[in-house]
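Chain by chain, the residues run as shown.
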Amino acid sequence: MKWIDKLTKTRLRMFESSTGQSHVTEEDRFLFARPLAKHNLVIIGTGTIGQEHMRVAAMLGRARVHGIFDTQEHSLDSAEKNFKKHSSDPLVRYADLHTACNDPAADALMICTPNYTHFEVLKVAMASGKPIFLEKPMATDLHDAAAIVDLSASYSAFIQIGLQYRYKAQYVEAFHEALERRSLGDVKTISVSEHRPPFLDKVGQWNKFSRFSGGTLVEKCCHYFDLINLLAQGRPARVFASGGQAVNFVDFEKDGERSDIEDNAFVIVDYANGVRANFTLNMFCPDFDEEMIIVGDEGKLIAKENFNFQHQTESEISVEVLKGELGISKKSIVGYTRPVEQSGHHGSTYYEHIAFVDQLEGKVVDCATAMQGMWAMIVASAAQHSMADGQVVDVEEFIGSQGLANLLA
Ligand SMILES: NC(=O)c1ccc[n+]([C@@H]2O[C@H](COP(=O)([O-])OP(=O)(O)OC[C@H]3O[C@@H](n4cnc5c(N)ncnc54)[C@H](O)[C@@H]3O)[C@@H](O)[C@H]2O)c1
């Protein structure tokens, strides 16, 4: 992958921020000099991920968080307070979405609001003509996702989707081995699993209801379907899924409405090119584990991430290539620097920001496009549909039945 800007200067963050170096004035900072922030960002939605983007932008330093907008005052207060730990830059607070999107001082907009608001917020944001970052999943249903793809095709600026797992260290390495080095030969099967604790609390608890989130496989697992689509290098043809709500939020109610989100699922995806994939989800585990196993006709790769937050031990992230007698096998511990890993999503958000800022500077980058975001949603939505009616979903028929056959053109 070519997304790492080789010109990005190696940072000596530990020294930069150590008290023993605090007497060095700005004028004398050479090794510790921070990059000049050349772009102004406006963050729309300052909840969990909005604040992660603010933190990461400040850490990267190539773009400045200029302003924030949220419909909940408390989110703005919390974002402002937390941001002070990372930057002394003043923040503009906007009174409404329109003003936030059209501030002449802003160079780009980052939409970090709940899934069910994405399409409406995006339409207001697009009227500004500014480059846009839109969190995943791009929408809660395929109609809105397809409309976003259409709108983005004729948009004068770019839209980047927040599918950043492709920047996790183990997947960068896995993609390199499987797709560039071709260490595994032709990829035939891909198995991905996530075992993790339940969804966290959210503003208005939007993630407890499928009508706000799109369902668990859309909301959370679009990340994995994006990775699987990229690795399979083909179009999904058939999807079968079995899953449900076994443990989490079974007695959760809000305003008289019961939570209806799945907490476990098994998904099988057949690709038109013969690649087979499966995905396992379990969300009632004490810790986070992700695993990807790719097998080709010349080898096998195992990528693992274990984040044991209960014991607060360091994450273990590894990639293993096994070639039998066909070549060299190896196991590597992979990862980014500790501050980068700790900045959010094991450092993947940091590299997502590098891609975003690079795009702002006119570079060609490897980042999630609206079209890729939609294909991740197609697999996720087909899986949601299969879970609901217990049948195999033919992807072409599924898309056609929603009047979206043009997507296959
Ligand atoms: N890429 C990732 O790994 C990742 C991780 C977490 C969340 N997300 C995505 O980010 C989005 C936000 O998730 P979150 O976890 O930060 O949720 P959250 O509930 O913590 O924060 C959402 C914020 O948006 C605000 N908001 C709601 N409607 C709004 C509107 N119309 N205009 C402005 N602000 C509005 C809420 O008040 C809240 O402060 C979701 O789409 C989610 O799927 C992505």
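Scroll up a little and you will see the structure.
A. Here's a closer look at the pattern of salt bridges. Within the structure shown, the criterion is met by 28 salt bridges. Across the salt bridge formed by Lys 136 and Glu 219, the nearest N and O atoms sit 3.5 Å from each other. One end of the pair, Lys 136, is in the loop between β5 (132-135) and α6 (142-153); the other, Glu 219, is in helix α9 (residues 216-219), with 83 residues separating them in the sequence. With respect to class, Lys 136 is no different from Glu 219; both count as buried. We note a salt bridge from Arg 166 to Asp 366, for which the minimum N-O separation is 3.3 Å.

B. Quick look at the packing of α6 against helix α13 (residues 370-389). The N-to-C vectors of α6 and α13 enclose an angle of 165 degrees; their axes lie 9 Å apart at closest approach. By the angle between their axes, α6 is roughly antiparallel relative to α13. When the axes of α6 and α13 are compared, the crossing they make is left-handed. In this structure, α6 uses Leu 142, Ala 145, Ala 146, Val 149 and Ser 152 to contact α13, whose residues at the interface are Ala 370, Met 371, Met 374, Met 377, Ile 378 and Ser 381. Here the residues of the contact of α6 with α13 are counted per class, giving nine nonpolar, two polar and no charged.

C. Up close: the site of the ligand. Taken together, 26 residues are adjacent to the ligand, and Asp 70, Ser 75, Asn 115, Lys 202 and Glu 219 come closest. The separation between an oxygen atom of the ligand and a polar main-chain atom of Ile 49 is 2.9 Å. Residue Glu 219 places a side-chain N or O atom 2.9 Å away from an oxygen atom belonging to the ligand. Protein contacts shield 91% of the accessible area of the ligand, which totals 840 Å² for the unbound molecule. Its residues placed into classes, the shell around the ligand shows seven nonpolar, 14 polar and five charged. Residue contributions to the shell around the ligand reach at least three from each of two domains, namely domain 1 (13-164) and domain 2 (166-343 + 370-408).

Parameters and conventions
- Residues numbered from 1 in each chain as written.
- Predicted model: local features only at pLDDT ≥ 70, side-chain atom pairs only at ≥ 80, totals over all residues.
- Heavy atoms only, no water.
- Salt bridge = Lys/Arg side-chain N within 4 Å of Asp/Glu carboxyl O.
- Helix = DSSP H or I, 4+ residues; strand = E, 2+ residues; numbered from the N terminus.
- Buried < 20%, exposed > 50% of the residue type's maximum accessible area, 1.4 Å probe, protein only.
- Axes fitted to C-alpha atoms, helices over the stretch in contact; angles between N-to-C directions.
- Parallel < 35°, antiparallel > 145°, perpendicular 65-115°, else oblique.
- Left-handed = near helix turned anticlockwise from the far one by under 90°.
- Contact = heavy atoms within 4.5 Å.
- Nonpolar A, V, L, I, M, F, W, Y, C, P; charged D, E, K, R; others polar.
- Near = heavy atom within 4 Å.
- Polar contact = N/O pair within 3.5 Å; in protein donor to acceptor, adjacent residues only side chain to side chain.
- Areas by Shrake-Rupley, 256 points an atom, 1.4 Å probe, with all protein chains shown as cover.
- Domains from an automatic or database assignment.

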